[in-house]
Amino acid sequence: MAGRMTGKVALVSGAARGQGRQHAVRLAEEGADVVAFDVAGPVPAQGAPAATPEDLAETVKLVEAHDRRIVAVEADVRDPDAVAGVVERGVAELGGLDVVVANAGIQGNPGPAAETAPADWAAVIDTNLTGVFHTVRPAIPHLIARGGGSIVITSSSIALRSVPNLAPYGAAKAGLTGLMRTLALELAEHSIRVNTINPTTVGTPMLLNPVNWGLFRPDLEAPTEEDVVPVYRTLNALPVAYLEPDDISNAVLFLASDEGRYVTGVALPVDAGFAAK
């Protein structure tokens, strides 16, 4: 069914590449105009190569290829004033707001919790948990003004089944479950639905980089993607090493559209059975 987002405006954070870009493009494909933002540069404890302004510009081109409008801004989710400015600008230019996809996040530097630097802990929590709060909070009045809407938060399957050596990431993603459930109850009277999506490994730059390869193959001096694919495959119950971004975007679309109109307060695993193992 095409046109499931016709007449809607969606805010997407972390939209320069990876899952965020694909969410923006998928929603545009279904008719939504998009407010997209990304820091588009390095941040502390990133744990993966940084996105660039050129990446964000490519997202703009891909959305516009579907004949949809897009407002794209470089902004850091750790800066509440900057994010609020993005929301206000997007609403002013596109006429309202119906959907929030709070997707921006970083992995952090992997290692045991006892060896994690306090600054690295703070950087991941500030981006992955507090940054979601910064994204959602200024959007709520605009969703209420539209008579309802959907908030989709990118959590992780690690929030449902812990793994070692990613304590800040796991703590932040688990914290999003609590935030989501609170918002789902607070906003239900306004017909605003709030859910998380909990993906397993996804084939994006956050996963497919030398830092991550070293985390999963510490026995090798310079592991490659080929070296880690068999390990990635063991994480999931289904026989796949990682999902594609569009697999997650399809779930975002379901939760954002009227097809998910009675789904709220749910942590939705899109994880090839990771959490079931």
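Quick caveat: nothing in here was measured; it's all calculated off a predicted structure.

Asker: Got a sec to walk through the environment of Val202? Specific residues and values, please.
Answerer: In this structure, Val202 sits in the loop between β6 (192-199) and α7 (210-216). Each C-alpha atom, one on Val202 and one on Ala251, is 14 Å from the other, the two residues being 49 residues apart in sequence. The residues contacting Val202, other than those within four sequence positions of it, are Gln19, Leu207, Tyr242, Leu243, Glu244, Pro245 and Ile248.

Asker: Which residues make up the nonpolar core, and what are the values?
Answerer: Ranked by internal contacts, the top residues of the largest apolar core, which has 31 residues, are Leu97, Ile151 and Val194. Leave out the neighbours within four places in its chain, and Val194 touches Ile151, Ile153, Met180, Leu183, Ala184, Leu187, Thr264, Gly265 and Val266. Counting residues in hydrophobic clusters, the runner-up holds 28 residues, among them Ala24, Val60, Val63 and Val270.

Asker: With reference to specific residues and values, describe the pairing of strand β5 (residues 149-154).
Answerer: With 6 of its 6 residues buried, β5 lies for the most part within the structure. Of the two faces of β5, the one holding Gly149, Ile151 and Ile153 and the one holding Ser150, Val152 and Thr154 are both buried throughout. With 4 bridges joining them, strand β4 (residues 99-102) and β5 adopt parallel strand pairing. Bridging from a neighbouring strand, Val100 pairs with Ile151 of β5. Both β5 and β6 contribute to a ladder of 6 bridges, which runs parallel. Across the sheet, Val152 pairs through a bridge with Asn195, a residue of β6. Each parallel crossover has a hand, and the one from β5 via helix α6 (residues 167-187) to β6 is right-handed.

Asker: Can you explain unusual backbone geometry? Please cite residues and give values.
Answerer: Of note in the backbone geometry, Asn165 takes a positive phi value of approximately 75° without being a glycine. Mapped onto the fold, Asn165 is located in the loop between β5 and α6. Among the residues examined, Asn165 registers a relative accessible area of 31% and is labelled partly exposed. Phi angles above zero are rare outside glycine, and Ser191 is one such case at about 60°. Note that Ser191 resides in the loop between α6 and β6. Owing to a relative accessible area of 47%, Ser191 belongs among the partly exposed residues under this scheme.

Asker: Outline the sheet that holds β4, listing residues and values.
Answerer: Spatial strand order, β3-β2-β1-β4-β5-β6-β7: 7 strands in an open sheet with parallel pairing. Looking at which strands have only one partner, the edges of the open sheet turn out to be β3 (70-74) and β7 (267-270). Strand-to-strand, the axes of this sheet are offset by a mean angle of 15°, without reference to chain direction. Contacting β1 (9-13), β2 (33-38) and β3, helix α3 (residues 80-94) runs over the sheet at an angle of about 160° to β2.

Asker: Run through the packing of aromatic side chains, naming residues and quoting values.
Answerer: Summed over all chains, the structure comprises 2 aromatic pairs. Ring geometry for Phe216 against Tyr232: centres 5.1 Å apart, planes inclined by 80°, an arrangement best described as edge-to-face. On the criterion of sequence distance, the pair formed by Phe216 in helix α7 and Tyr232 in helix α8 (residues 225-235) is long-range, its members being 16 residues apart. By relative accessible area, which is 22% here, Phe216 ends up partly exposed. Accessibility expressed as a relative area gives 0% for Tyr232, which makes it buried. On the numbers, 6.5 Å between centres and 75° between planes, the contact of Tyr232 with Tyr242 is edge-to-face.

Criteria and cut-off values
- Chains are numbered independently. Their residues run from 1 in the order of the written sequence.
- Only residues with pLDDT of at least 70 get local features here, since the model is predicted, and only at 80 or more are side-chain atom pairs given and counted; chain-wide, interface and lining totals rely on the full set of residues.
- Each side-chain value is derived from all of the structure's non-hydrogen atoms; neither hydrogens nor water enter the calculation.
- Helix and strand assignments follow DSSP, with helices taken as H or I runs no shorter than four residues and strands as E runs no shorter than two, numbered in order from the N terminus.
- Whether two residues are in contact is decided by their heavy atoms: any pair within 4.5 Å suffices.
- To form a nonpolar core, buried Ala, Val, Leu, Ile, Met, Phe, Trp, Tyr and Cys residues must be joined to one another through side-chain atoms within 4.5 Å.
- Throughout this description, buried means an accessible area under 20% of the type-specific maximum (1.4 Å probe, protein chains only), exposed means over 50%, and partly exposed covers the range between.
- When DSSP finds two or more bridges between a pair of strands, those strands are recorded as paired.
- Seen with its strands pointing away from the viewer, a crossover is right-handed if its path from the first strand over the helix to the second goes clockwise.
- Lines are fitted to the C-alpha atoms to define the axes, a helix being fitted only along its stretch in contact, and any angle between axes, read from their N-to-C directions, falls within 0 to 180 degrees.
- Within 6.5 Å between ring centres, the rings of Phe, Tyr and Trp (the latter by its six-membered ring) count as paired, and their orientation is classed by plane angle as stacked under 30 degrees, edge-to-face over 60, tilted in between.

These figures come from the coordinates and say nothing about function on their own.
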